[in-house]
Every structure is written in structure tokens, then in C-alpha cells.
Amino acid sequence: MTITLIDSWPTSLSSWERAKRTLGGGVSTGLRAAMKPHPLSFSGGSGARLTDVDGNSYLDYVLGWGPVILGHGHPAVTSAVVAQAPHGATYGNGHRLEYEVAERIVDAIPGMDRVLYANTGSEAFQVALRLARAATGRQKYMKFVGHYHGWSDPALIGYRPDADGRLSGPGTRGQSAAALDDVVLASWGDIEATLELMRTHRGELAAVFVEPVLCNSGVILPSHDFLSRLRDACTAIGAVLVFDEVITGFRVAYGGAVERFGVVPDLVILAKAIAAGYSLAAVAGTAALIDQTSAGVVHAGTYNGNPIVLAAARATLDELARPGTYQMLEEKGRALATGLARAAANAGVPLAVNQIGPVVQTGPGVDRIDSFDDFLRIDAAWYDVGIVEMLRRGIYVMPGGRWYLSTAHTDADIAATVAAAGEAFRATTELVGQPGEPR
């Protein structure tokens, strides 16, 4: 079958140009400005597919940058939101969905007693940090280079190198310099160096924040004892262990990374998949930590736990709890990962591929992604050209090499994607040469 390649996106381009007159950068969040060849505008989505304003249809592996785990317009989620909408968007007080969803969360994640709601992962990080500081009376926290915990001043440090190659500097212009004083940066995967840093700062660390799987920088799994030794070290020095499961929560297992790896932190940050695209985040944790919000620790938010998003969350969690869901997601992720690796090999393109559940990382120009340093060696410029070649063939992917799958992706979708990816790899090589080569 001959595929008609998409050559341009004129309506999307004009939409973006119009948006730039009233929206900063023409986008609602800055990361979208990095989309190639330019930010697209969409008219709708259904299941695993999106349709843009030029009428082009795509198999979607961006999924709203992760949240749309059930696919677009899932009937159960849509019905739940439509049923709630006539009864009001928010009440400024309690309602039954608050505890019904919280009950599902604490039942799902081992060791959790209580839940706090927020609207974004960045907000949830700030709540978790405040709880840890209040409980310990300490100010500093540890994070790992390459790990992303949101864009707030305290969090956006050590995520990507700056123009001078430094990881210890500010993550953005306009960031408070004081935020740098409160962070201890560690190397992901190097447990001995991490433990030494923890001993050095034992009386200063309120918390250790970690992505239990380094999804934001390579989809790198922890070594077999990394998380358990981190757990033991936090207990030994009296620091709060926080799993940032914005990506892994309800995605790599129903109980997230806590269930999958069998290590129980003190707090878990949740967002993205928890409400299938609706704006909901949460912090789950022990009663001793969470109940501080009833004893002088401020946690606020006008839209926290509103009935619209919690209706979506209840429907989402009910769908994800169906038997066989996570086996299916694991199989889909593995099929995509092995298919992309095979397509790259057939095209003569060096490509590392990592995968856990329905999250896949591709890395052109490297033979493995086992560390943050490996991730930084990925040929991002080559991949940016490849993104456009994918798009021309009806495959929508994000910059950086990460792919998300939903329950709506079928075996046929994955097979079609692998075939299109092979063509895109060859086309990209013809345009700019092999990944990793000087150009």
C-alpha cells in the first residue's frame, strides 16, 4: 500500500502564527514550542488517533505528553465527566468523589494512608517538599541529575546542562538563586556515591526525591537494590523518601513503581495517568506526614479535588483496575520497543531502545542508555529530523525520544508504526546521514 506523505501543515502553521499574537510563544506551555516542524493544532482525537486542523490523522504516541493512558475520548471517562458537569464544576467544600478516589489510591499503592489533591505535578512536588521540611525541621533535599520534578524554583535544578555544561546552575532565567542552596545533587544509579552524600548531609536533608524509573531522561530502570538501599539510608538519617511517580504512577503497574519494585517510600507524587488527561495531581503518603496539613502545614488550591476531575479519575482508575490491563500494556510496550529496534537495525541506524510498561525510549546514535550521561549522548538533532519524517507518515511523537502507549493502541497500530518508523529512519539518514556522525 502506498502512503501519501504529508508535505506541509498550512492551517496548523497559520493557527500558530495567530496564537503568537496573544499567547506567549504561541503555546500554552513552553515545551510545546519544541515540537517539529512547528507546533501543530488539533481538531480532535479518538482512541489512539489524533486529527489535526489540516485534516491529517496520526497514530498518537505523545498522548498529551503522557496523561491520555486510555486513549482520547474514552467512553467511560467521557460519560463520567458529562454526568457530573450539570451538577457543578467545584463547590469549595467536600463531596463523595474526594474520598472515593482517595480510597482507590491508598488501596492501590502499598504503604499509603492518606491523599492530598493538587492540579499539577509541579504543585504536588511543592506540597511534598513542605511536608518533609515540616516533619524533619530541615531545609535541604536531595535530587538526582536528569530527574524532573516540575518547573518551580526549588525543583528545576540539575535536570539538563546549561550553556556551559553545568548541572548545578539555575534551570531557567528568572529563577531564585537561593533555590540552589537547598539542593544536594546526586548521580542516578551510583548508590555508593549517593550514600556517601547522604552521610555527609545527614543532619540537613529533609527529603530525597527520586523518579523510581528515570523516565524523563532515558527510561532507565534502577539497579536491583538501588531503591531498597535508598529506602534504608533515608530511614537511617531520618529523611523522607519521596517517589515522583508523575509518569510511573498507575502506568507501570496499578500500584505504580511501589508495587512493581516492592520498595515503599514515605510519599508518592502522582499526576498524568491518574485522570486520563484531566488536570489532577496528588500526594499519597503516611498518615503522620499527610496529617500535618491539619496541624499548621498549609496546603491550598481553589480547584483541588474538584468533582469534574475526580469523576474522570474514578472512571480512569476503574478502567485501569480491570484484570489483565497491565499485562496488556507491558506487551504493547515490548512489541513497540522490539519493533522499533528491529526497524532501525534493518535501516542500518544505530538506535538504543529502553522500555518499561507502556513507556518506550529511543536513542539514535548510541548503543545503550544505562545512565544520564548515555542519554545526553543521544543525537537529538538527528531525531528532530526523524520526528518530521514520522509525522509525514502519520506517526506523532514528541522530542527527546520518549513514546507513550495507551490501552487504545492495537497490535495493528503498532505494526503500522514500526513499518512507518523504518521508512522514516531511512529517509532521515538520506537527509542528514547516520545519527552520531559529525555534520
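Heads up: the structure comes first, above all this text.
Below is a short write-up of the structure. (Residues numbered from 1 in each chain as written. Predicted model: local features only at pLDDT ≥ 70, side-chain atom pairs only at ≥ 80, totals over all residues. Heavy atoms only, no water.)

Points about the packing of aromatic side chains
Item 1. All chains considered together, the criterion is met by 15 aromatic pairs.
Item 2. Seen in terms of ring centroids, Phe 125 and Tyr 141 are 5.7 Å apart; in terms of plane orientation they differ by 65 degrees. Their pairing is edge-to-face. You can see Phe 125 sitting in helix 4 (residues 121-136) and its partner Tyr 141 sitting in strand 5 (residues 140-144), a full 16 residues away along the chain.
Item 3. Overall, Phe 125 belongs to the buried group, its relative accessible area being 0%.
Item 4. Note on Tyr 148 and Tyr 159: the rings are 4.9 Å apart at their centroids and 50 degrees apart in plane angle, and the pair reads as tilted. In this pair, Tyr 148 sits in the loop between strand 5 and strand 6 (183-186) while Tyr 159 sits in the loop between strand 5 and strand 6, placing the two residues eleven residues apart along the sequence.
Item 5. Within the aromatic cluster, the residues linked to one another by ring pairs are Phe 42, Tyr 58 and Tyr 396.
Item 6. One Lys or Arg, Arg 160, reaches over the ring of Tyr 159 and ends 4.0 Å from the middle of that ring. (Phe/Tyr/Trp six-rings, centres within 6.5 Å; stacked < 30°, edge-to-face > 60°. Helix = DSSP H or I, 4+ residues; strand = E, 2+ residues; numbered from the N terminus. Buried < 20%, exposed > 50% of the residue type's maximum accessible area, 1.4 Å probe, protein only. Lys NZ or Arg CZ within 6 Å of the ring centre and 35° of its normal.)

A closer look at unusual backbone geometry
Item 1. For the bond running from Lys 36 to Pro 37, omega is 0 degrees, close enough to zero to count as cis.
Item 2. Along the chain, Pro 37 turns up in the loop between helix 1 (10-19) and strand 1 (42-46).
Item 3. Phi at Ala 276 is positive, roughly 55 degrees, even though this residue is not glycine.
Item 4. Its location among the elements puts Ala 276 in the loop between strand 9 (267-270) and strand 10 (281-285).

Quick notes on the pairing of strand 5
Item 1. With four of its five residues buried, strand 5 lies for the most part within the structure.
Item 2. Bridge analysis of strand 5 against strand 7 (residues 205-210) gives three bridges, and the strand direction is parallel. Pairing of Tyr 141 across the sheet is with Ala 207, part of strand 7.
Item 3. In the sheet, strand 5 pairs with strand 6 via four bridges, with the strands oriented parallel. (Pairing = 2+ DSSP bridges.)

Regarding the pattern of salt bridges
Item 1. A full pass over the atoms with the stated rule returns 23 salt bridges.
Item 2. One salt bridge connects Glu 17 with Lys 20, and the closest N-O pair in it is separated by 3.3 Å.
Item 3. Here Asp 318 makes a salt bridge to Arg 104, at a shortest N to O gap of 2.8 Å. Taken together, the residues span a long stretch of sequence, with Asp 318 in helix 9 (residues 307-320) and Arg 104 in helix 3 (residues 96-108) at a distance of 214 residues.
Item 4. Under the relative-accessibility criterion, Asp 318 is labelled partly exposed at 35%.
Item 5. Classification of Arg 104 as partly exposed rests on a relative accessible area of 24%. (Salt bridge = Lys/Arg side-chain N within 4 Å of Asp/Glu carboxyl O.)

With respect to the nonpolar core
The nonpolar side chains of soluble globular proteins are, as a tendency, buried together.
Item 1. Residues Ile 105, Ile 109, Tyr 117, Phe 144, Met 198, Phe 250 and Ile 274 are the most contacted members of the largest nonpolar core, which totals 67 residues.
Item 2. With nine residues, helix 9 is the largest single contributor of residues to this core.
Item 3. Residues Leu 129, Tyr 141, Ala 271 and Ala 281 belong to the second largest nonpolar core, which totals 28 residues. (Core = buried A, V, L, I, M, F, W, Y, C linked by side-chain atoms within 4.5 Å.)

Comments concerning the environment of Thr 11
Item 1. For Thr 11, the location among the structural elements is in helix 1.
Item 2. On the basis of relative accessibility, which here comes to 33%, the residue Thr 11 falls in the partly exposed class.
Item 3. Between the C-alpha atoms of Thr 11 and Leu 40, which are 29 residues apart in sequence, the distance is 8.8 Å.
Item 4. Once residues lying within four places of it in the same chain are set aside, the contact partners of Thr 11 are Val 53 and Asp 54.
Item 5. There is a polar contact of 2.7 Å between the side chain of Thr 11 and the side chain of Asp 54. (Contact = heavy atoms within 4.5 Å. Polar contact = N/O pair within 3.5 Å; in protein donor to acceptor, adjacent residues only side chain to side chain.)

Describing the sheet that holds strand 9
Item 1. Ordered in space as 4-10-9-8-7-5-6, the seven strands form an open sheet in which the pairing is mixed. Because the sheet does not close on itself, it has two edges, and the strands there are strand 4 (114-118) and strand 6. Direction aside, the axes of adjacent strands within the sheet are offset by 20 degrees on average.
Item 2. Alignment of strand 9 against strand 10, held across four bridges, turns out to be antiparallel. Looking at strand 10, one finds that Ile 269 is bridged to Val 283. (Axes fitted to C-alpha atoms, helices over the stretch in contact; angles between N-to-C directions.)

Some thoughts on the state of the cysteines
Item 1. Throughout the structure, instances matching the rule amount to zero disulfides.
Item 2. Distance from the sulfur of Cys 215, which forms no disulfide, to the nearest cysteine sulfur (Cys 234) is 20 Å. (Disulfide = S-S within 2.5 Å.)

Some words on helix 12 (residues 380-392)
Item 1. Between its first and last C-alpha atoms helix 12 spans 19 Å; for 13 residues at 1.5 Å apiece the expected length is 18 Å, and the two agree.
Item 2. Among all positions in helix 12, only Trp 382, Tyr 383, Gly 386, Ile 387, Val 388, Glu 389, Met 390, Leu 391 and Arg 392 are buried.
Item 3. Lining the buried residues of helix 12 we find strand 3 (57-60), strand 12 (359-364), strand 13 (395-396), strand 14 (402-404) and helix 13 (411-432).
Item 4. Immediately beyond the C-terminal end of helix 12, within one or two residues, lies Gly 394, with a positive phi of roughly 85 degrees. (Expected span 1.5 Å × (residues − 1).)

As for the packing of helix 10 (residues 325-346) against helix 13
Item 1. Relative to each other, helix 10 and helix 13 sit at 30 degrees, their axes nearing to 9 Å. In this view, helix 10 runs roughly parallel relative to helix 13, as classed from their interaxial angle. In this structure, helix 10 meets helix 13 at a crossing whose hand is right-handed. On the side of helix 10, the interface is formed by Lys 332, Ala 335, Leu 336, Gly 339, Leu 340, Arg 342, Ala 343, Ala 344 and Asn 346, while helix 13 contributes Ile 414, Thr 417, Val 418, Ala 421, Gly 422, Phe 425 and Arg 426. (Parallel < 35°, antiparallel > 145°, perpendicular 65-115°, else oblique. Left-handed = near helix turned anticlockwise from the far one by under 90°.)

No statement about biological role is implied by the geometric values presented.
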